[in-house]
Amino acid sequence: MDHTIGESMATIAEEAERQGFQVRQTRSAMWHFRKGNDNWHFSPRNVLDVLYVLSVLIEAGLDWKAFNAD
Amino acid sequence: MAWDAEVELVAELDQDQLDALAHDTAALAVYYNSAGRMIRLRSSLRADDFDAALEEARVWASTIAVPPIRKHWPEALVVRLAVEQRGFGGSGWAAGAKEAAELLGVSPARVRQIEGQPGFPAPVADLAGGAVWRADEVETYGRTRVRGKGGRPRKAVPEA
């Protein structure tokens, strides 16, 4: 997995976990997010894929403002 | 051109089967709602136009996405197949430096110069790969920003 994508996904995963999502990295390039009955498996390969992941999680309730909190 | 295909089915899979499905189909995303037994797979495609993208999506769904699900759940019911051009769908609201540059008609390096200036929208997120902005806010900034005259500053001419 591209280093930048891996880092971006790690940032998203960390914040999602802090906000109540269950997160696990199932394989080196695959992430599983869970909230209630909703499950997502993501395998992003580029920056646009990471943006898609972020948009899905935001729709599922992730507070994006926390990414910019000091 | 970049497209996304998404297929939705009704089927029941356990966690191990979902993990395997995500790996075997190399899908960008696999969504599963255990209450409604709804599965959604999304994958990226490349096609020159909508007709070609639609055919690619159909082939992807029938040969890659659906068969592994039917292996575990033969009664799986396909309820939807969708195809959308990248940038107009799920991540269409978001712009990285490259997309912001295209929206503003400048280079990505110029975006990084002006992003901290007054009036430029605040990023939605600051990830390792760079900042992410709302595309509509960048567009609004592009339409309403006051552009300087640019060029070399004129030499002051003393009054006679």
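Residues numbered from 1 in each chain as written. Chains lettered and ligands numbered in written order. Predicted model: local features only at pLDDT ≥ 70, side-chain atom pairs only at ≥ 80, totals over all residues. Heavy atoms only, no water.

**Student:** Describe the pattern of salt bridges, naming the residues involved and giving the relevant values.
**Tutor:** A side chain with one charge may pair with a side chain of the opposite charge, provided their charged atoms come close. Enumeration over the complete set of coordinates arrives at 10 salt bridges over all chains. When the shortest N-O distance is used, the salt bridge between Asp19 of chain B and Arg24 of chain A registers 3.1 Å. Highlighted residues: Asp19 of chain B in helix H1 (residues 15–25) and Arg24 of chain A in strand E1 (residues 22–27), drawn from two different chains. Exposure remark for Asp19 of chain B: the relative accessible area of 13% places this residue in the buried category. Look at Arg24 of chain A and you get partly exposed, because its relative accessible area is 35%. Between Arg42 of chain B and Glu84 of chain B there is a salt bridge, with its nearest N and O atoms 2.3 Å apart. Taken together, the residues Arg42 of chain B in strand E3 (residues 38–46) and Glu84 of chain B in strand E4 (residues 77–85) connect sequence positions 42 residues apart. Residue Arg42 of chain B is classed as buried on the basis of its relative accessible area, which comes to 6%. (Salt bridge = Lys/Arg side-chain N within 4 Å of Asp/Glu carboxyl O. Helix = DSSP H or I, 4+ residues; strand = E, 2+ residues; numbered from the N terminus. Buried < 20%, exposed > 50% of the residue type's maximum accessible area, 1.4 Å probe, protein only.)

**Student:** So, the packing of helix H3 (residues 97–104) of chain B against helix H5 (residues 135–144) of chain B: which residues are in play, and what are the values?
**Tutor:** Residues and elements named next belong to chain B. Relative orientation of the contacting elements H3 and H5 amounts to 35°, with a least axis distance of 9 Å. In this structure, H3 crosses over H5, and the sense of that crossing is right-handed. Residue-level inspection shows Ala100, Leu103 and Leu104 of H3 in contact with H5, the latter providing Ala135, Val138, Glu139, Tyr141 and Gly142. Split by residue class, the contact of H3 with H5 holds 6 nonpolar, 1 polar and 1 charged. (Axes fitted to C-alpha atoms, helices over the stretch in contact; angles between N-to-C directions. Left-handed = near helix turned anticlockwise from the far one by under 90°. Contact = heavy atoms within 4.5 Å. Nonpolar A, V, L, I, M, F, W, Y, C, P; charged D, E, K, R; others polar.)

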